[in-house]
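Architecture and fold: a report
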Amino acid sequence: MKQVDQRGTARHDFEARLKALTHLALDAVVTMDAESRIIDWNPQAEITFGWSHEEIVGQLLSDTIIPSKYREAHARGLRNFLETGQGPILNKRLEIEAVTRDGHEIPVELAISAVRSGPGWVFVAFVRDISRRKGVEEALADETEVLYLLMDNTQDSIYFKDAANRFTRINRAHAHALGISDPEEALGKTDFDFLSRECAQATFADEQQIMHTGRPLVGKMERIRRSDGTTTWYSTTKVLFYDSRRSVAGTLGVSRDITELKRAEEELKAAKEAAEVASRAKSDFLASMSHEIRTPMNGIIGMTDLIFDTELTSDQRECLRMVKVSAESLLTIINDILDFSKIEAGKLDLDSTEFDLSDSLTESLRMLAVRADQKGLELLCDVQAEVPEIVHGDPTRLRQIITNLVGNAIKFTESGEIQLRVEPLSFEGGMIELHFTVVDTGIGIPPEKQAAIFEAFSQGDNSTARRYGGTGLGLTICRRLVEMMGGRIWVRSEVGQGSQFHFTVCLGVGATRKATLLASEPSLLGLPVLIVDDNAASRQILERTLRYWGTEPTSADSGAAAVAALQRAKATGHPYTLLITDFHMPEMDGFDLVQQIKERPELSGPAILLLTSAGQRGDDARCRELGVSAYLVKPVGPSELRIAIVSLIEQHAGQDGAANLVTRHSIREAPAGTRLKILLAEDNAVNQQLAVRLLEKRGHRVVVAGNGMEALAALAEQTFDLILMDVQMPELDGFSATAAIRARERATGGHIPIIAITAQSMKGDRERCLEAGMDGYISKPILIKEVLEAIESLMLAGPS
């Protein structure tokens, strides 16, 4: 009896301990008897399944948490265990579904143990709700499926390799790149199984370097040759990838097929080379056309000028004048077309040289003054005093812009005036931005046409082209040149009210200024001057300029007003020292005014400077007869005007003895220089004659060579002071001849100045000439002024 009690106590103790353990467990613990009736239900089981301890104890397991699909198998397994003592699911972990109190099935992890209790068995089931884990696994499976879906449907090759460079996964694109149909065929293999040995060795080295250094390979251009001989270009990026323990698992690579891009690059390269060849051909064609057109035009214009200096009948002179006008018009069209072609081909460049801005503008306007005078137009130039005299830039191209704009203004203006204004906008870092304005009183431009006029081959309308002529390229060229000079161009205009063309350019400021500054001209300080001109703008410009120099100007708008002003000045004891009068005035012109002054002793006294828009034959003689001290043709630049005033004031004061008429030519005339012996290398017969006559008229001796070979032969026999060398000649061109001359000089010593003459006028020509050993450069058509200036510049510079 005692033994029975001890067994009962032991069993009771065991069940107590078991219950204590199960109630502390974090998993649901269900205790059942041999009939599968629930005898215990821990707190976690209440949470997991929803039944309380009181509700569930005594219930059959198959009636509660076992789903119907498992019940038959559960009963069969229980019977088998009770009969044999063995069961297939005991002491194993299973993943099955269980039923909650509300009838939902949840995934659980199950482990069952059988414990003998007295004569029977007690089964303990440990159940863990794995709903969250299953959700995570399913989400991960979904993400993995999406990842694999993306991999297999992207056009880029994606591949994973282990530390031994074996493929662990590749996508379909990379399978295709390797030449296989099924990505599974690549698993466990390496690039050596698919690529040429050279390519496989390169990829192997890259991947080993990545795993050794940890640095990714980004955007490498790879030329992959497969074992079957086919070649593909790829842009490849490779990085390390890690396993779940953050250990290096291998490499991940992404390669993009850029074969078409490489092919396009090759085609683009070939196209670029072809375009460069075409561009060179175009440049050569332009150079050839420039030479072939300008050379005969040089002969036409030059010879016409020479004939003008001979005795001619009035009919002959008029015919020659028409020839010259026509030739110059044709040359303008040719220049526009060639310049536009050079700009389009990128072959037009800007020079940078120091020049006098006022003088350059005056020269530009003086070339147009005759045309303006023929139409009865007043041509004015107003350069503000703050604008520097000496600037750095391209004077030729700046004059081209001015000439085009002012020429257009004359063309489209029937009456009134045309004014060129120049004012400074800003100064910074040795550069000045200048604002130029060309104002006319012409026909104006409709608002809807104003933007189009700067486009190539465009004018206001077709009737404009028919009436006024022109190529429609001038303003396009101006716009391009202005932009090359760092500025912009625009227009403001009203139909019937005239136009204002504005443009800005940036120029360097010269380091020196002329010696004719105000500080060096004390004779102008306080000088009383009377200005006579019927044009208000002209009076204002002259008055402002003279006041800046320190004079005391007064203005009169007619000859009668001038006479009255002279009388008042004499009466008050403050007579004028200088009288500046325009020639073209209504009622009483300039000569009539001077005649009155000469006839009335009470008005005499001032030195007289006469300004005219266009000189006429006999003007010089009449000026001397009437006692005019200076005679200048408009437009007159500030420098020229200042020199003329100072010169005539000195003459008037008796400092130079007998008074001479001050003219533009006397101002510019320099003492005769040394007469030179010049070798002219030129193959064109007309241009030979032209150059010889022009130079011989200036006292120079000229020897002609028809090509470079003849020039070298002449140099071997004679000594020359200077060579004028055409760059395009048969047998031996100017560049080759210059190279031969410089080679001789390196052996014998000495240096003869060589001035290049070219009709090409292309970008880089000047630099090419200087690099070839030439000392100067002038372009055709040859202007004697440019030739003489080039010669004087070289001879004054002396040997280099």
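In the block above lies the structure referred to throughout.
Residues numbered from 1 in each chain as written. Predicted model: local features only at pLDDT ≥ 70, side-chain atom pairs only at ≥ 80, totals over all residues. Heavy atoms only, no water.

**Observations concerning the overall build of the protein chain**
Here is the rule: Put simply, DSSP H or I for four residues or longer makes a helix, DSSP E for two residues or longer makes a strand, and each gets a number counted from the N terminus. The rule is simple: take the accessible area with a 1.4 Å probe, protein chains only, and divide by the maximum for that residue type; under 20% is buried, over 50% is exposed, in between is partly exposed. By the convention used here, residues are in contact when the closest approach between their heavy atoms is within 4.5 Å. We get accessible surface area from the Shrake-Rupley algorithm with a probe of 1.4 Å; when it comes to residues, only the shown protein chains can shield them.
Per the secondary structure count, the protein chain includes 25 helices and 28 strands. Within the span of the protein chain, comprising 800 residues, buried residues form 44% of the whole. A fraction of 61% describes how many contacts in the protein chain between residues 6 or more apart in sequence connect residues 24 or more apart. When the accessible surface of the protein chain is split by element, carbon and sulfur atoms take 53% of a total near 41600 Å².

**Topic: the packing of aromatic side chains**
For any pair of aromatic rings, geometry is given as the distance between the ring centres together with the angle between the planes. For clarity, the threshold we go by: Ring geometry is summarised as follows: Phe, Tyr and Trp rings, the Trp one being its six-membered ring, pair when their centres sit within 6.5 Å, and such pairs are stacked at plane angles under 30 degrees, edge-to-face over 60 and tilted between the two. Two thresholds decide whether a charge sits over a ring: the Lys NZ or Arg CZ must be within 6 Å of the ring centre and within 35 degrees of the ring normal.
The final tally for this structure, using the stated rule, is 10 aromatic pairs. Aromatic side chains Tyr-159 and Phe-167 sit 6.4 Å apart centroid to centroid with 85° between the ring planes, which places their arrangement in the edge-to-face category. Seen from their ring centres, Phe-436 and Phe-503 are 4.7 Å apart, and the 5° between their planes marks the pair as stacked. Of the two residues, Phe-436 sits in strand S15 (residues 431-440) while Phe-503 sits in strand S17 (residues 498-509), which places them 67 residues apart along the sequence. Judged by its relative accessible area of 0%, Phe-436 is buried. Residue Phe-503 is classed as buried on the basis of its relative accessible area of 0%. Ring-pair connections join several aromatic residues into one group, and the members of that group are Trp-41, Phe-49 and Trp-51. If you follow Arg-246 out to its NZ or CZ, it ends over the ring of Tyr-242, 4.4 Å from the centre. The ring centre of Trp-233 lies 4.6 Å from the NZ or CZ of Lys-262, which sits over that ring.

**With respect to the sheet that holds strand S10 (residues 248-257)**
The following threshold applies: Being paired, for any two strands, means DSSP has found at least two bridges between them. An axis is simply a line fitted to the C-alpha atoms; with a helix, the fit covers only the stretch in contact. Between two such axes, the angle follows the N-to-C directions and lies from 0 to 180 degrees.
An order of S7-S6-S10-S9-S8 is seen for the five strands of this open sheet, with the pairing classed as antiparallel. Unpaired on one side and paired on the other, strand S7 (167-170) and strand S8 (217-225) mark the two borders of the sheet. Shown here is a sheet whose adjacent strand axes are inclined to one another by a mean of 30°, direction ignored. Of the pairings in the sheet, the one linking strand S6 (residues 157-162) to S7 comprises three bridges and is antiparallel in character. From the neighbouring strand, Tyr-159 faces S7, where its bridge partner is Ile-170.

**Things to note about the pattern of salt bridges**
For clarity, the threshold we go by: The salt bridge definition used is simple: a Lys or Arg side-chain nitrogen within 4 Å of an Asp or Glu carboxyl oxygen.
Enumeration over the complete set of coordinates arrives at 26 salt bridges. With a closest N to O distance of 2.9 Å, Asp-27 and Arg-128 form a salt bridge. In this pair, Asp-27 is assigned in the loop between helix H1 (2-24) and strand S1 (28-32) and Arg-128 in strand S5 (residues 120-129), connecting sequence segments 101 residues apart. One salt bridge connects Glu-265 with Lys-262, and the closest N-O pair in it is separated by 3.7 Å. Of this pair, Glu-265 and Lys-262 both sit in helix H9 (residues 259-308), separated by three residues, roughly a single helical turn. On the basis of relative accessibility, which here comes to 37%, the residue Glu-265 falls in the partly exposed class. With relative accessibility at 17%, the residue Lys-262 sits in the buried group. Among the ionic contacts, a cluster of salt bridges with common partners joins Arg-93, Glu-95, Glu-109, Arg-133 and Lys-134.

**Quick notes on the sheet that holds S5**
The strand order across the open sheet formed by five strands is S2-S1-S5-S4-S3, and the pairing between neighbours is antiparallel. Across the chains shown, the open sheet's two edge strands, defined by having one partner strand only, are strand S2 (38-41) and strand S3 (93-99). In this sheet, neighbouring strand axes are inclined to one another by 35° on average, regardless of whether the strands run parallel or antiparallel. Here five bridges tie S1 to S5, and the two strands are oriented antiparallel to one another. Its bridge partner lying in S5, Val-30 is registered against Ala-125.

**Examining the packing of helix H17 (residues 590-599) against helix H18 (residues 619-626)**
As a reminder, the rule being used: Geometric relationships in this document are graded by angle, where less than 35 degrees denotes roughly parallel, more than 145 denotes roughly antiparallel, 65 to 115 denotes roughly perpendicular, and other angles denote oblique. It is the rotation of the near helix from the far one that decides the hand of a crossing: anticlockwise by less than a right angle makes it left-handed, clockwise makes it right-handed. By the convention adopted, Pro, Cys, Tyr, Trp, Phe, Met, Ile, Leu, Val and Ala count as nonpolar, Lys, Arg, Asp and Glu as charged, and the other residues, Gly among them, as polar.
Relative to each other, H17 and H18 sit at 25°, their axes nearing to 10 Å. Comparing the axis directions of H17 and H18 gives the class roughly parallel. Taken as a pair, H17 and H18 cross one another with a handedness that is left-handed. Judged by residue contacts, Phe-591, Val-594, Gln-595 and Lys-598 of H17 engage Asp-619, Arg-622, Cys-623, Glu-625 and Leu-626 from H18. The residue inventory of the contact of H17 with H18, partitioned by class, reads four nonpolar, one polar and four charged.

**A word on unusual backbone geometry**
One non-glycine residue, Ser-36, adopts positive backbone phi at about 70°. Tracing the backbone shows Ser-36 in the loop between S1 and S2. Phi at Glu-731 is positive, roughly 70°, even though this residue is not glycine.

**Observations regarding the packing of helix H22 (residues 708-717) against helix H23 (residues 734-748)**
Two numbers describe how H22 lies on H23: the axes approach to 9 Å, and their chain directions differ by 25°. By the angle between their directions, the pair H22 and H23 is classed as roughly parallel. In this structure, H22 crosses over H23, and the sense of that crossing is right-handed. On H23, the residues that touch Gly-708, Leu-712, Leu-715 and Ala-716 of H22 are Ala-737, Ala-740, Ile-741 and Arg-744. Split into classes, the residues belonging to the contact of H22 with H23 amount to six nonpolar, one polar and one charged.

**Here's the deal with the pairing of S15**
S15 sits mainly inside the fold: eight of its 10 residues count as buried. Both strand S14 (residues 417-428) and S15 contribute to a ladder of 10 bridges, which runs antiparallel. By the bridge assignment for S15, Gln-419 is matched with Val-439. Taking the residues between adjacent antiparallel strands as the criterion, S14 and S15 are bridged by two residues, where Gly-429 takes a positive phi near 60°. Relative to S17, S15 runs antiparallel, the two being bridged by nine bridges. Residue pairing for S17: His-435 is matched across the bridge by Thr-504.

**Considerations on the nonpolar core**
Heads up, the rule is: Side-chain atoms within 4.5 Å are what join buried Ala, Val, Leu, Ile, Met, Phe, Trp, Tyr and Cys residues into a set we call a nonpolar core.
In terms of nonpolar packing, the biggest core is built from 43 residues, with Leu-405, Val-406, Leu-420, Phe-436 and Phe-503 touching the most fellow members. At the level of elements, helix H11 (357-374), strand S12 (378-383), helix H12 (395-411), S14, S15, helix H14 (474-484), strand S16 (489-494) and S17 are the ones that each hand at least two residues to this core. Top contributing element to this core by residue count: H12, with seven residues. Not counting chain neighbours up to four residues away, the residues in contact with Phe-436 comprise Leu-361, Leu-398, Ile-402, Leu-420, Arg-421, Val-422, Phe-501, His-502, Phe-503 and Val-505.

**Quick look at the environment of Pro-447**
If you trace the backbone, Pro-447 turns up in the loop between S15 and helix H13 (462-468). The exposure class of Pro-447 is exposed, given its relative accessible area of 61%. Counting along the chain gives 45 residues from Pro-447 to Arg-492, while the straight-line C-alpha distance between them is 8.6 Å.

**Some words on a negative patch on the surface**
Our working definition: Put simply, a patch holds well-exposed residues, over 30% relative accessible area, that have no salt bridge, with like charges counted together within 9 Å and Val, Leu, Ile, Met, Phe, Trp or Tyr side chains within 5 Å. Neither His nor the chain ends is counted toward charge; the positive residues are Lys and Arg and the negative residues Asp and Glu. Charge placement uses NZ in Lys and CZ in Arg. For Asp and Glu, CG and CD serve respectively.
A surface patch of negative charge is lined by Glu-138, Asp-142, Glu-143 and Glu-145. Relative to the assigned elements, Asp-142 resides in helix H6 (residues 131-153). Among the residues examined, Asp-142 registers a relative accessible area of 51% and is labelled exposed.

**Regarding the side chain of Thr-437**
Which entries qualify depends on this criterion: Identification of polar contacts relies on pairs of N or O atoms within 3.5 Å, with a donor-acceptor requirement for protein atoms, meaning one able to donate a hydrogen and the other able to accept it, and with residues adjacent in sequence counted only if both atoms are side-chain atoms.
Here Thr-437 lies in strand S15. The exposure class assigned to Thr-437 is buried, which follows from its relative accessible area of 5%. Separated by 3.3 Å, the side chains of Thr-437 and His-502 make a polar contact. Once you skip the residues sitting within four places of it in the chain, Thr-437 turns out to touch Gln-419, Leu-420, Arg-421, Gln-500, Phe-501 and His-502.

The analysis is restricted to geometry; functional conclusions fall outside its scope.
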